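Report on the structure
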Amino acid sequence: MARSGSISYNPGVIDKTYPPQSVEPRWTEAWKKAGISRAQAVGDPRNRFVIVIPPPNVTGALHIGHALNNTLQDLLIRWHRLHGRETCWVPGTDHGGIATQNVMEKQLKAQGKTRHQIGRAEFLDLMQTWTRDCKKTILGQLERLGCLLDMGREAFTMDEVRARSVHHAFRRFWDEGLIERGERMVNWCVRCGTALSDIEVEYEDRKGKLWHIRYPVAGEPGKFLVVATTRPETLLGDTSVAVNPSDTRYGSLIGKKLLLPLRKGMPNEQIPVVADAHVDASFGTGAVKVTPAHDPNDFDIWQRHKSEMAGPISVIAFDGKMSPSAGEAYAGLSREKARDKIVADLQAQELLEKIDEHPHSVGVCYRCQQPIEPLVSQQWFMRMGPLAAKALEASEKGAFKLHPDNWEAPYRNWLKNIRDWCLSRQIWWGHRIPVWYCVRCHGKNLRASMPAAQEGAGQDASISSWLEQGLSLRDIETRARQIRVELSGSAVRSASVRVQAERPAKPCPDCGASDWLQDPDVLDTWFSSALWPLSVFGWPEKTQDFSFFYPTNVLVTGYEILYLWVARMQMMGLHFDGRAPFSDCVINGIVRDKRGKKMSKSLGNVVDPLLLMDKHGTDAFRFSLVSQAHPGRDIPYSEDSIKGPRNFANKVWNSTRFVLMNLPEKPTVYSLKDLDRSKLELSDRWILSEYESLCRRVEEAMAEQEFAVAADHVYAFLWDKFCDWYVELAKPRLEVMAGKEEDTEDSRAARTVLVGVLGGTLKLLHPVMPFITEELWQSLKPYSGETADLLLRSGAPKPEGFHDPEAEARMVFIMDAVKALRALRSQLNVPPGLKIRAHHAVQNPAEERLLIEHSSYLRRLARVEELCAASGRPAQSATAAVGAVTFYVPLAGVIDLEVERKRLVKEVDRLSEEVRQCEGRLSDPVFTGRAPESEVEKLRLRRREAAAEHAALTDTLTHLEA
RNA sequence: GGGCAGUUAGCUCAGCGGUAGAGCACCUCCCUUACAAGGAGGGGGUCGCAGGUUCGAACCCUGCACUGCCCACCA
C-alpha cells in the first residue's frame, strides 16, 4: 500500500490483511493537515451541525464508556460533514471538582501528605500541572479514536473564558434573586469534607438494624415511650419525640416530657412529645425520635413545632466525629464508634428493648461512596423553580427531545419536582464563589474551623483574631483548613458583601475598611458544566462563534447525568438565551463488563480502549461499539465482540483489494454517472438496486439515531450481497480481460459497478470505520472519478433510478438454485473440485429462459460444468428442487445412493409438513375470508412451490427405492 | 412505595402482527488465483409464565415471575 499518503497506487502490492497500525496514523495526520475538523463560523447557519463534547473530567485516562460516547459523536459529525454540512464539534475537558480533587489527595496521601499541610495555593498549583497533563492525555486519546474535534476551539471549564461565563451567570442569578445564602440541612460527605447537592447522593440498600429504645416518661417512673430508630448515635441530639396525632396509644403523652437517655445532667435532658401528622403510626412503634440537626425529616418537624421544642443540636461535626455537644463521654468518637457505645450504654441501663434486622437504603456520596451525613450548615443555594418551568415548557412543546423518548417522562417529572440546588462546596478545586466579605464587618463570623482529629486542638480560630496577630489575608487563606462563613439574613445582602469576581477595589461602604476576603467555598462543578454550551462559544460575549454555532444540534451522553448535567444545561440555556442549547439529546447506555457489571477500577474489570485499538485496530473497535449501541441500552462489552468487526475490516480491505487488482494500471474513470444501462446484466441491475435501497436504509437509520442498525445494514450488504454474490459473478467478466488494455462493453460495466458501488459503500461505512474507508476510498480515486481530497469532502452517495424489483426477484431465483445445488454437492460429499452436470426440468418457459440466460452464474457459483434440459431422469443422479424447477445431477461413481435416499426423505418430510401447514390455513374459510388477499396469495404461492418440490423429490425417491 | 427497561439458538443481541434471524461458539468439507481474519454446507429455539384480542401473536392487551435501572423525606 502507498505509505506516503499520496494517492499513487500500485494494485499489485496491497497487503493481504488490513494493517491498521500503519494506516491509522497517516490519516490522523492527513485529516489534521487538511483541517477537516475545523469549522468556519460563516455561511448559512441552517446548514451547520454542532455538537459540544460532554467534557471528560480531568481525573485520568479515558475509559471505554468515553470511547463509546465519543465514537457516536464522531459518527454524527462525519455523517453530517459527508452530507456537506458545516460541522463543528467542540472539544474540551471539565475540571471535575470533588472527583479530581480526590485524585490529587490520593496522590498526596501516597506521599504521606494532606492538602491542608501544603496549603491552598500550592495545592492548586499541583492541580494545574496535573490538569495540563491530563488534558493532553485525553485529547490524545480522542484523536487516536479518530475524533474530528475542532481543536482550535478547545475549552476547559475553568479556563479564563469559562470563568467569565461562570461569574456572569452567578451575578445574573444573584441580581435576579435566584441565588441565596442560608443555613439549611444539606447532604454532607464526611470523607470529602463538603456539602453535596441532592442529586449527588446515591442510595444503596444496606443491611441495617432497627433499635427500639425506651425513653422514660418524666415524673412517671417505670413508664416508657419506646421509639424505633436506625441511627441511635443521633439520640444525643434529639429534641423531641413525635407521634401521629390520631394514634390512640400515645394521645395521653402528647405535651408531656420524656427523659432523653444518656443525657442526664446535660442541656436538653428533657424533651417533649409532639404530635405530627407525618408520623406513620404503623411503622416501628409509631413513635419517632426527632433529631433536627441530623435528619431532613426531623428538621421539617422542628420547623412545624418550633414553639414546642428546642432547635437543632448538632452532635455530629463536619468531620464525622461526635461534637462536644454530644457530651464528654462521646465527643471525638467516630459516628460508628459512638453508635456502638451508645447502644452498649443503653443496654447497660436496660433502655434497649430490642433490635430488629431492618434493611434500608443509605445515602452515600457519589464520589467516594461513604455514607452521607445530613447536617445543618450555611451554604449557597439556587432557586430552580423558575428555570425548571422553562425547561419543562421546552420539553413539552418539543423544542427539546430525548432519544429514546422513554426518558421524557422521568425528565419532566424531575423538573416538576425540582428542588433548590446547593451550589457551594467546601473544597479547593473549582470556581471560587465570586463573593467578597468585608473582614472588619464580618471578621468574627469568618471562622477557620480546625477539625480536632487533624490539628489536635479542636478550637475554632476566628479570622479576626488572626488579623490581629498580623497575618496577611493570603496567609490566612492558605492556612485555613475550612473557613466557615456564618452570615445570616439581611447581612448577606448588605453592602459589606460584594458579588463580583475580582477583589473589590473600593473600601467597604459600611465601614470604610479595605480588607476583603473572598468566600472560601467553590461552586459545584456542575454549575460550570451547566453553562457549557453557552460558555464554549464565549457567552456572554457576543462572539461570531456564539451567533453562528449556538444553539447546538445534538448532545450525546449517558442517562446517568441526565439531571446532573443535561437538565441543567437546558435550564441555563433557556434562561439566559431563550433557546434550548441543543434540540436533541441522544442517550447512550453504560458500557459494562461481560457479566453486566459496571466497570470500575476497584472491581478490576476495566478494559483499556487503547489496548483494544492497538490490538485490533481503531475501526474494528469503533464498529464493535457502534454495532451494540442501541439508543439508551447498556452494552455488556467483552473483547470477543471486537473479533467480528476485525474480520469485517479485513473483508472490506480484501474486497477493495480484489477490485483494484482487476482494474487497469492506467488510471481510468469508471463512474456510475457514465454507466450505459443497456449494457448491464442481471447481477449488475440486482446489486445496483440493492445498493440504492442500502443507501436509503442507512439514511433512515441515521435519521432515527439507530446507529447500530445503520452499521448492520452496511455490514450485511457488503459481505452477504456484494462480496458473496456480486464479486463472484464479476470474476469471469474480468478474467477475460487479463493482460488486455481496452475494456469490452461488459468489462466496463462490471468495473463501473464494482468501483461505484464499493466506493459508495465505503462512504456509508466511513462514519463508523473512518480509517480503513479513507484509505480504500483514496486508493479507488484514480478509477472512481472522485476529485475531493478527502472522503468527507466528496459528498454522500445518492444513487437514483437503480431500483429494480424485477432484477431482485430474478436474482433471488438464481441464488436459490445455486444454494440448492451447493447443498446437494455438500451433502452428498461431491468433491469440491469435481464439476457436475445439471439437467433441469422446468414447467415454466419464463423460468427456463431465465436459467438458460444465466447458466454462466450456475456454472460459476455451483461449479456446474454443463446445464441442459432434462429428458427424463438420468441414472445414478441426485435431485434438487427449487420451486417449479427440478435439477437432476448425474453422479455415477460418486453418489452414495443410501445417502441420497436419506437426504431426500428428510427433504420430503420437511416439504410435506410445509404443504400440510399451508393447506391447513388455506382451507380455513375464516382465514381466506378475513386475511388480506395479498397474504392469501403469498400462502398459495408457498404451497405451490412446496408442493412442486415435494412432487419432484417424491418422484425421485420412488425411483430410487424401486 | 412509584416508574422505566429487559427476559428470543450454548453466549451477546436484532426482529416488534403474516414461513423464527445475525455475530460468536459448535459439527462436516475445502488453503477454488481478493480475503483461512476466508469459502460451502449443517446442527441447535414450544421467542420468561398464564390468560386475552385477532383469520393469524415473539410482536398488541392484562396479570405474574425473575433481572437491571431511575425516582421517592420507608424513622
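To start, this report covers the structure provided alongside it. None of these values were measured; they are calculated from a predicted model. (Residues numbered from 1 in each chain as written. Chains lettered and ligands numbered in written order. Predicted model: local features only at pLDDT ≥ 70, side-chain atom pairs only at ≥ 80, totals over all residues. Heavy atoms only, no water.)

This paragraph deals with a positive patch on the surface. Positive charge collects at one region of the surface, where K106, K109, R191 and K601 lie side by side. Mapped onto the elements, K601 comes out in the loop between β29 (591-592) and α18 (609-616). (Patch = residues over 30% accessible without salt bridge, like charges linked within 9 Å, V, L, I, M, F, W, Y side chains within 5 Å. Areas by Shrake-Rupley, 256 points an atom, 1.4 Å probe, with all protein chains shown as cover. Salt bridge = Lys/Arg side-chain N within 4 Å of Asp/Glu carboxyl O. Lys, Arg positive; Asp, Glu negative; His and termini not counted. Charge placed at Lys NZ, Arg CZ, Asp CG, Glu CD. Helix = DSSP H or I, 4+ residues; strand = E, 2+ residues; numbered from the N terminus.)

The next point concerns the nonpolar core. One finds F527, F722 and F887 to be the most contacted residues of the largest nonpolar core, which totals 230 residues. Looking at this core element by element, the count peaks at 14 residues for helix α22 (residues 707-735). Those residues in contact with F887 that sit more than four places away from it in its chain are A817, L821, A838, H839, H840, L851, L858, L867, A878, T879, A880 and V882. (Core = buried A, V, L, I, M, F, W, Y, C linked by side-chain atoms within 4.5 Å. Buried < 20%, exposed > 50% of the residue type's maximum accessible area, 1.4 Å probe, protein only. Contact = heavy atoms within 4.5 Å.)

Another point: the protein's contact with RNA strand B. In the neighbourhood of RNA strand B, 53 residues make up the surrounding shell, with N297, P636, R657, W719 and R930 lying closest. Expressed as a percentage, the sugar and phosphate content of the atoms of RNA strand B within 4 Å of the protein is 64%. At a separation of 2.8 Å, a base nitrogen of RNA strand B approaches a polar side-chain atom of K651. Between RNA strand B and K906, the relevant distance is 3.1 Å, taken from a phosphate oxygen to a side-chain nitrogen or oxygen of the residue. If you list the elements that add at least two residues to the surface near RNA strand B, you get β13 (287-290), α20 (643-661), α22, α25 (805-827), α28 (897-922), α29 (925-930) and α30 (933-961). (Near = heavy atom within 4 Å. Polar contact = N/O pair within 3.5 Å; in protein donor to acceptor, adjacent residues only side chain to side chain.)

Let's shift gears to the sheet that holds β13. Ordered in space as β11-β12-β10-β13, the 4 strands form an open sheet in which the pairing is mixed. This sheet does not close on itself; its edge strands, each paired only once, are β11 (257-259) and β13. Across this sheet, the average inter-strand angle for adjacent strands is 30°, counted without regard to direction. Of the pairings in the sheet, the one linking β11 to strand β12 (residues 270-275) comprises 3 bridges and is antiparallel in character. (Pairing = 2+ DSSP bridges. Axes fitted to C-alpha atoms, helices over the stretch in contact; angles between N-to-C directions.)

So, about the pairing of strand β27 (residues 552-558). The element β27 is largely enclosed, with a buried count of 7 among its 7 residues. When β27 meets strand β28 (residues 582-588), the two strands line up parallel, connected through 6 bridges. Of the residues in β28, the one forming a bridge with V556 is V586. In the classification by handedness, the crossover that spans β27, the intervening helix α17 (residues 562-577) and the parallel β28 is right-handed. (Right-handed = clockwise from strand over helix to strand, strands pointing away.)

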